[in-house]
Amino acid sequence: MREQADEALTEQFSDLEAIYPSRSEFTSKMPAHALFDCATDIRAVGLSLNLICQQYADTRLAQLATDGARLRLLFLDPAGAAIRQREIEEGQIAGQLGALTSLNLQGVLRVRDRLPAEARDRIEVATYDQTIRINITLINDELCIAQPYLPHARGVESPTMVIKKRWPSAGLYSVFERTFDELWDGGQPR
């Protein structure tokens, strides 16, 4: 009986590599440069995408795109209703999350605009205005970093999951990939 239970757990959670109690614990074990330096495809959706915008150097981001990497980055609209609602949930001063997101968004756009003309389309940026539920980063169609947004907790304080793709359309990876695709399809290009 124990063997069947172990098999069931392995099948159910086999694409889940690790869970960290917070993003800060995750980033101390898996720094941004370790995640992104060899990336050829990065897709990310969240509030202000700090993992990419605050913890990864602009010069490295530009080098990735110049070397051929494709990035699709979807930010919560800094002027939208959803970000104001999130500020209330977190107990933030009105406009604080919007300002941080604007700063990150403008930084990525600046990196993109400084790229050689033939590389600029490799960094696609968009915004969305929906209730924020999850931060998702997909790397090279094989690794997913997913983190829920919890009521009354900043994103950095929320659990972080590391998921490795094992099947084309099963497991947690495909769930978060589908979520990214749906949000991206409804985003407003910048």
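To keep things clear, this report deals only with the structure shown in the data block. Please read all numbers here as calculations on a predicted model, not as lab measurements.

With that settled, consider the environment of Gly68. Here Gly68 is to be found in the loop between helix 5 (58–66) and strand 3 (70–76). Apart from residues no more than four positions distant in its own chain, Gly68 is found in contact with Thr40 and Arg122.

The subject of this paragraph is the packing of aromatic side chains. One pass over the full model with this rule turns up 3 aromatic pairs. On the basis of an interplanar angle of 20 degrees and a centroid distance of 5.9 Å, the ring pair of Phe180 and Trp184 is categorised as stacked. Here Trp184 and Phe180 lie together in helix 8 (residues 171–185), a separation of 4 residues that amounts to about one turn. Neither residue differs from the other here; Phe180 and Trp184 are each classed as buried. Here the guanidinium or amino end of Arg72 rests over the ring plane of Trp184, the centre of that ring lying 5.8 Å away.

Take the nonpolar core next. Among the nonpolar cores identified, the biggest contains 33 residues, and Leu35, Phe36, Leu71, Leu73, Phe75, Val108 and Ile123 are the most heavily contacted of them. Every element with two or more residues in this core is listed here: helix 3 (32–36), strand 2 (41–46), helix 4 (50–53), helix 5, strand 3, helix 7 (96–114), strand 4 (123–128) and strand 6 (143–148). Not counting chain neighbours up to four residues away, the residues in contact with Leu71 comprise Ile42, Leu61, Ala65, Arg122, Ile123 and Glu124. Grouped together as the second largest cluster of nonpolar side chains are 23 residues, Ala126, Ile134, Tyr173 and Phe180 included.

Cut-offs applied
- Residues numbered from 1 in each chain as written.
- Predicted model: local features only at pLDDT ≥ 70, side-chain atom pairs only at ≥ 80, totals over all residues.
- Heavy atoms only, no water.
- Helix = DSSP H or I, 4+ residues; strand = E, 2+ residues; numbered from the N terminus.
- Contact = heavy atoms within 4.5 Å.
- Phe/Tyr/Trp six-rings, centres within 6.5 Å; stacked < 30°, edge-to-face > 60°.
- Buried < 20%, exposed > 50% of the residue type's maximum accessible area, 1.4 Å probe, protein only.
- Lys NZ or Arg CZ within 6 Å of the ring centre and 35° of its normal.
- Core = buried A, V, L, I, M, F, W, Y, C linked by side-chain atoms within 4.5 Å.

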